[in-house]
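Next come the chains, spelled out residue by residue.
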Amino acid sequence: MTRPSSVPSPSAPTTGVAGIYLDHAATSPVCAQAAEAVMRGMRITGNPSSRHDAGDEARDALEASRRQLAALLDCAPGDVVFTGGGSEADALAVVGTVLAADRPAHVITTAIEHSAVLESCAMAAELGAEITVLRPDSSGWIDPDDVRRALRPDTVLVSVMHANNETGVLQPVSEIADIAHEAGALMHTDAVQTAGKVSLAGLGADLVSVSAHKFYGPKGVGALKVAPGVRLAPLIRGGSQERGLRAGTENVPGILGMAAAADAAMHHLDDPAFHERRHALRARLLKELEAAGDITVNGDGAPCLPETLNVSFAGVRGDTLVDMLAVHGVCVSAGSACHAGSDEPSHVLTAMGIPAERARAAVRFSPGRATNLDDVTAAAVRTADLVGRLRTLGPADAPQPARA
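Source: prediction; values computed, not measured.

Visitor: Would you mind going over the sheet that holds strand E2 (residues 80-83) in detail, with residue names and values included?
Guide: Consider a sheet: its strands pair through backbone hydrogen bonds, and that pairing is either parallel or antiparallel. Taking strand neighbours across the sheet as the criterion, the seven strands line up as E2-E8-E7-E6-E5-E3-E4 in an open arrangement whose pairing is mixed. Each of the sheet's edge strands pairs with one partner strand only, and the pair in question is E2 and strand E4 (130-134). Neighbour-to-neighbour, the strand axes of the sheet open up by a mean angle of 20°, direction not taken into account. Where E2 lies against strand E8 (residues 222-226), four bridges are found, and the strand directions are antiparallel. Paired with Val80 across the bridge in E8 is Lys225. Helix-sheet contacts for helix H2 (residues 53-73) involve E2, strand E7 (207-211) and E8, and the interaxial angle to E2 is about 110°. Along the sheet face, helix H6 (residues 173-182) touches strand E5 (155-159) and strand E6 (186-190) and points at about 155° away from the line of E6.

Visitor: Summarise the sheet that holds strand E10 (residues 309-313); cite the residues concerned and give the values.
Guide: With antiparallel pairing, three strands are arranged side by side in an open sheet as E9-E10-E12. Sheet topology places strand E9 (295-297) and strand E12 (362-365) at the edges, where each strand pairs with a single neighbour. In this sheet, adjacent strand axes meet at a mean angle of 30° when their direction is disregarded. Pairing geometry for E10 and E12, over four bridges, is antiparallel. Across the sheet, the residue bridging to Val311 is Val363, located in E12. Across the sheet, helix H8 (residues 272-289) touches E9, E10 and E12, and the angle it forms with E10 is around 5°.

Visitor: For the packing of helix H9 (residues 318-327) against helix H12 (residues 373-391), give the residues involved together with the corresponding values.
Guide: Axis separation between H9 and H12 bottoms out at 10 Å; the angle between their running directions is 125°. On the basis of their axis angle, the class for H9 and H12 is oblique. Considering the relative orientation of H9 and H12, their crossing is right-handed. Where H9 abuts H12, its residues Thr320, Leu321, Met324 and Leu325 lie against Arg382, Thr383, Leu386, Val387 and Leu390. Per-class residue counts for the contact of H9 with H12 are six nonpolar, two polar and one charged.

Cut-off values and rules
- Residues numbered from 1 in each chain as written.
- Predicted model: local features only at pLDDT ≥ 70, side-chain atom pairs only at ≥ 80, totals over all residues.
- Heavy atoms only, no water.
- Pairing = 2+ DSSP bridges.
- Helix = DSSP H or I, 4+ residues; strand = E, 2+ residues; numbered from the N terminus.
- Axes fitted to C-alpha atoms, helices over the stretch in contact; angles between N-to-C directions.
- Contact = heavy atoms within 4.5 Å.
- Parallel < 35°, antiparallel > 145°, perpendicular 65-115°, else oblique.
- Left-handed = near helix turned anticlockwise from the far one by under 90°.
- Nonpolar A, V, L, I, M, F, W, Y, C, P; charged D, E, K, R; others polar.

Set out below in structure tokens:
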């Protein structure tokens with residue numbers, strides 16, 4: 001018997017609500033392994049910095065988790081620094097590099113970065129650093145030659161994300177890292193969207209940011225890979241935790257949950273069926289969405305994560321469509337969850353040269369591990385139906401009612 005698409009399988013992580021959840025780029029449900037590890041961490045009494053048996057238990061659990069995260073990040077355990085999330089990891093990488101620089105600081109980044117990187121660059125500029133912001137091509141891809149041309153003798157860091165959170169476009173990080181290293185600069189990549197979906201081996205980046213809740217771990221915990229020899233100044237000072245790079249007692253339950261989620265993700269990455277299924281879901285979703293007519297895939301023509309499909313529906317406001325889909329039990333986004341409610345068009349789509357009207361018509365669909373073909377078909381059919389209804393109501397740029 002075929003299960004209803006709105007009901008997760010017993011082995012699948014649940015969303016906590018009835019419906020079809022296609023917003024995994026915003027956050028993913030906590031997997032069973034991670035939930036169990038969090039509860040185990042809650043039962044650990046000691047502080048990892050304490051010199052007694054209870055502290056030893058906490059420290060042993062912490063270091064075991066560090067080894068599991070190191071496997072995901074393709075680095076040595078000692079290179080892993082635990083943080084309070086991906087945004088903090090980005091800030092430590094960018095601002096920490098600038099603060100630690102023993103020379104005038106120039107940073108290269110891109111116009112399509114997550115706001116966590118862009119705001120960290122703004123903070124670095126307030127500290128006296130010069131920032132160069134590169135624009136992508138029309139598909140959202142960064143040309144490594146643009147990075148080469150932007151490098152200067154005082155460049156201390158190049159920060160280019162591994163995959164964009166709105167379009168899913170994958171960037172040539174390893175090639176850019178080689179270019180940065182030739183010039184004596186460090187390379188940082190925000191791998192928040194790729195961790196647990198594709199291998200992070202061979203990226204070549206000195207600094208790599210990840211966030212647990214994007215790969216089926218708990219919210220509020222992340223990590224930064226810091227390669228040997230990289231000098232960073234801590235942003236949070238106090239104790240000597242995390243090699244002196246991040247003061248404060250470590251979030252043991254959250255870290256254990258993140259490590260368990262990382263371990264589960266590694267098993268998926270080695271499974272060819274997992275990757276076949278990722279691409280099959282995207283193909284089915286796009287095929288069914290085309291029934292709406294007059295759609296544009298943002299990021300088309302560039303290498304892309306199959307889990308992220310960003311589509312503009314001509315004549316429709318994306319935020320309105322998202323709200324209507326939510327009423328019908330389909331969870332999607334109109335761009336980054338960090339800017340939900342903003343009337344401004346996406347800075348990512350704008351940087352790609354997409355007109356404001358088309359940018360405001362964009363909706364992001366992001367299936368996950370528990371999503372099946374019935375789910376994406378049902379969601380696409382509902383979307384096409386609602387798009388048709390909205391197009392009969394009038395222009396997409398009509399004033400929108402204020403939301404409570």
